Amino acid sequence: MRLPIVLVAGGLSLLAGCQSFTQPEPATPTPATAPVVVEPQITAPVEPEPIQITDVWQRIRLGLSLPVPDQKLVNQYRNWYLKHPQHLARVSERAEPFMYLIVEEIEKRNLPIELALLPIVESAFDPFAYSHGAASGLWQFTAPMAKHFGLEMNWWYDGRRDVPAATVAALDMMEYLYQKTHNNWLYAIAAYNTGEGRVLNAVKRNQGKGLATDFWALDLPRETERYVPQLLALADVIANADDYGISLYPIPNQPQLKIVDVGSQIDLALAADMAGMKLNELHSLNPGFNQWATAPEGPHRLVVPLEHAELFETKLAASDKDQRLKWQRYKIKSGDSLGLIAKRFNTTPSALRAVNDIKNNRIIAGKHLLIPVSSKDPAKYLLSAEQRLQKRQSGGSGYKLTYKVKSGDSLWLIAKQHKVSVAKLAKWNGMAPKDPLSIGQKLVIWQKGNGKSVTRTVNYTVRSGDSLAKIASKFNVSVNQLVKWNSLSTKKYLQPGQKLTLYVDVTKSRV
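In this text the structure is predicted, and so the values were computed from the model without any measurement. (Residues numbered from 1 in each chain as written. Predicted model: local features only at pLDDT ≥ 70, side-chain atom pairs only at ≥ 80, totals over all residues. Heavy atoms only, no water.)

**Some words on the nonpolar core**
Grouped together as the largest cluster of nonpolar side chains are 93 residues, with contacts concentrated most on Ile60, Met99, Trp139 and Phe312. The element best represented in this core is helix H8 (residues 163-180), accounting for 9 residues. Setting aside chain neighbours within four positions, we find Ile60 in contact with Met99, Val103, Ile113, Ala116, Leu117 and Ile238. Among the nonpolar cores identified, the runner-up in size contains 32 residues, and Met431, Ile445, Trp485 and Val504 belong to it. (Core = buried A, V, L, I, M, F, W, Y, C linked by side-chain atoms within 4.5 Å. Buried < 20%, exposed > 50% of the residue type's maximum accessible area, 1.4 Å probe, protein only. Helix = DSSP H or I, 4+ residues; strand = E, 2+ residues; numbered from the N terminus. Contact = heavy atoms within 4.5 Å.)

And the structure:
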């Protein structure tokens, strides 16, 4: 052990002193004692109590990272949200089933948490939203983009409205756009709205002119220039909801849903019974299914509330796959085709081919087909595509007429002929203005009567000797109206027994 230098020196002095009795030496000065240095006591820093995140909105607030600049459009959108607090209250309630799932996927990928707010901007968190640009679902995918990012779409199923599947596809698209737009999140978000080509071209134009190239300096389509500010304004309102007096529907910060792989096609009504749920409750969590059952060839995933999942899985395991659908045995008649039979039983030719092991469209009269049919009245499946369309078509004012699409028709021509706007015509029929029409397709058109008229719908059966002119005169309507209401051809004669629909002002009718 090494002694301190002070002690060594002291020891040497004592030894020298013992020898000085016989030979004294001059005294040497005692070296000064070094001051004792007291080390300060170091205490371990007190770890702050971890924040207990109990609400998903709180989780989002803590993760917000994109700067919110003092820009005119950001301020305008912030003011709009603050003046319409009921909008966010309603939308946040719609978000309740799915927001935890979305936040989990975003955080798993280490993406900006602001992306969780995009479904509010895109669709007001309505999975059945369908835009003027033919985009569908929470994340508002167009059909080409949906296919590009792996979402299936057919008569049975639309992956754009399947929230878990569409969320994965949307975030895949965001990661792609972020890489394509030089790792700039404002560029990437703008590109989600308008495409990366437009954003990158706008950047190049500014570079060529020696102008700034930040998002706020770019010349982009009007909708896109408002899209990013709207998201940033929304993020600011969410971040400061308490200060702004905005009430958000509370969303527990814990899993609420479980995705169950059913393994085969299943009637949604039967699945709801197995899970101890109402049909509409189950279908609202699985809006990707257009019809009364999951798609024959999949996907067979069903989203179920966590508290119902165990019961559902238990009953599912105890069920036979052949018992998950109701079947009807149908005898093929002369003149039948797979298309006609499929339409009659609310299914598709491909489904009939798969069930009956038919390789082509050839069927033989007298043989039998096994046909899957809904276990309940189709009208009970209120969220099926057909029922949603019927609800939309009955939502107009005035009197309703049905138009059958002919060769050469377009929404613009039909709207002009009936003196209505293309936007309204598309909305009444659950379409986008640019959607294509098919010959024979039936469109609903709402026509206005004058304020003093009393319009009634009359179903008239053509009698022997009737003509368009005679019927028109009888009900005080025009021949053109009769033709338009019933999609008739003036070149063809009426047939006795033929059914006509008329919209008659009973205050003027002679009947």
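Next comes the rest of the account.
**Details of the pairing of strand E6 (residues 442-447)**
For E6, the buried fraction is high: 5 of the 6 residues fall into the buried class. One ladder, built from 6 bridges, connects strand E5 (residues 399-404) with E6; its direction is antiparallel. Residue pairing in the sheet places Lys400 in a bridge with Trp446 of E6. (Pairing = 2+ DSSP bridges.)

**So, the pattern of salt bridges**
Where charged atoms from two side chains of opposite charge come close, those side chains can pair. One pass over the full model with this rule turns up 13 salt bridges. The partner of Arg161 in a salt bridge is Asp158, with the nearest N and O atoms 3.5 Å apart. On the basis of relative accessible area, Asp158 is assigned to the buried category, the value being 7%. Close ionic contact of Arg344 with Asp336 constitutes a salt bridge, the shortest N to O distance being 3.4 Å. With a relative accessible area of 46%, Arg344 lands in the partly exposed category. A cluster of three or more residues bridged by salt bridges with shared partners is formed by Glu105, Lys108, Arg109, Asp172 and Glu175. (Salt bridge = Lys/Arg side-chain N within 4 Å of Asp/Glu carboxyl O.)

**Some points on the packing of aromatic side chains**
Counted according to the given criterion, the structure contains 9 aromatic pairs. Ring plane angle 85° and centroid distance 5.5 Å describe the contact between Trp80 and Tyr81, whose orientation is recorded as edge-to-face. On the basis of an interplanar angle of 75° and a centroid distance of 5.6 Å, the ring pair of Tyr460 and Phe475 is categorised as edge-to-face. Note that Tyr460 is positioned in strand E7 (residues 455-461) and Phe475 in the loop between helix H21 (468-474) and helix H22 (479-486), a separation of 15 residues in sequence. Both residues of the pair, Tyr460 and Phe475, count as buried. Ring-pair connections join several aromatic residues into one group, and the members of that group are Trp155, Trp156 and Trp292. (Phe/Tyr/Trp six-rings, centres within 6.5 Å; stacked < 30°, edge-to-face > 60°.)

**Topic: the side chain of His418**
Relative to the helices and strands, His418 is located in the loop between helix H19 (411-417) and helix H20 (422-428). Classification of His418 as buried rests on a relative accessible area of 2%. The contacts of His418, once residues within four sequence positions are left out, are Leu401, Tyr403, Ile445, Gln447 and Lys484.

**Brief notes about the packing of helix H9 (residues 185-194) against helix H11 (residues 222-239)**
Contact geometry for H9 and H11: axes closest at 9 Å, N-to-C directions at 125°. By the angle between their directions, the pair H9 and H11 is classed as oblique. For H9 against H11, the interelement crossing comes out right-handed. When H9 is examined against H11, the residues Leu186, Ile189, Ala190, Tyr192, Asn193 and Thr194 are found in contact with a partner set consisting of Glu223, Thr224, Tyr227, Val228, Leu231 and Leu232. (Axes fitted to C-alpha atoms, helices over the stretch in contact; angles between N-to-C directions. Parallel < 35°, antiparallel > 145°, perpendicular 65-115°, else oblique. Left-handed = near helix turned anticlockwise from the far one by under 90°.)

**A short note on a nonpolar patch on the surface**
A contiguous nonpolar patch, built from Ile51, Ile53 and Leu62 and spanning about 280 Å² of accessible area, is present on the exposed surface. For Leu62, the position within the fold is in helix H2 (residues 56-63). (Patch = residues over 30% accessible without salt bridge, like charges linked within 9 Å, V, L, I, M, F, W, Y side chains within 5 Å. Areas by Shrake-Rupley, 256 points an atom, 1.4 Å probe, with all protein chains shown as cover.)

**Examining helix H10 (residues 196-209)**
Under the 1.5 Å per step criterion, the end-to-end length of H10 is 20 Å for 14 residues, consistent within 8% with the ideal 20 Å. All buried positions along H10 are accounted for by Val199, Leu200, Ala202, Val203 and Asn206. Angularly, the buried residues of H10 cover 155° about the axis, an arc narrow enough to put them on a single face. Exposed residues lying more than 90 degrees from the buried face of H10 are Lys204, Gly208 and Lys209. On its buried face, H10 is in contact with H8 and H9. One or two residues past the end of H10 sits Gly210, with phi positive at roughly 75°. (Expected span 1.5 Å × (residues − 1). Arc of directions from axis to C-beta.)

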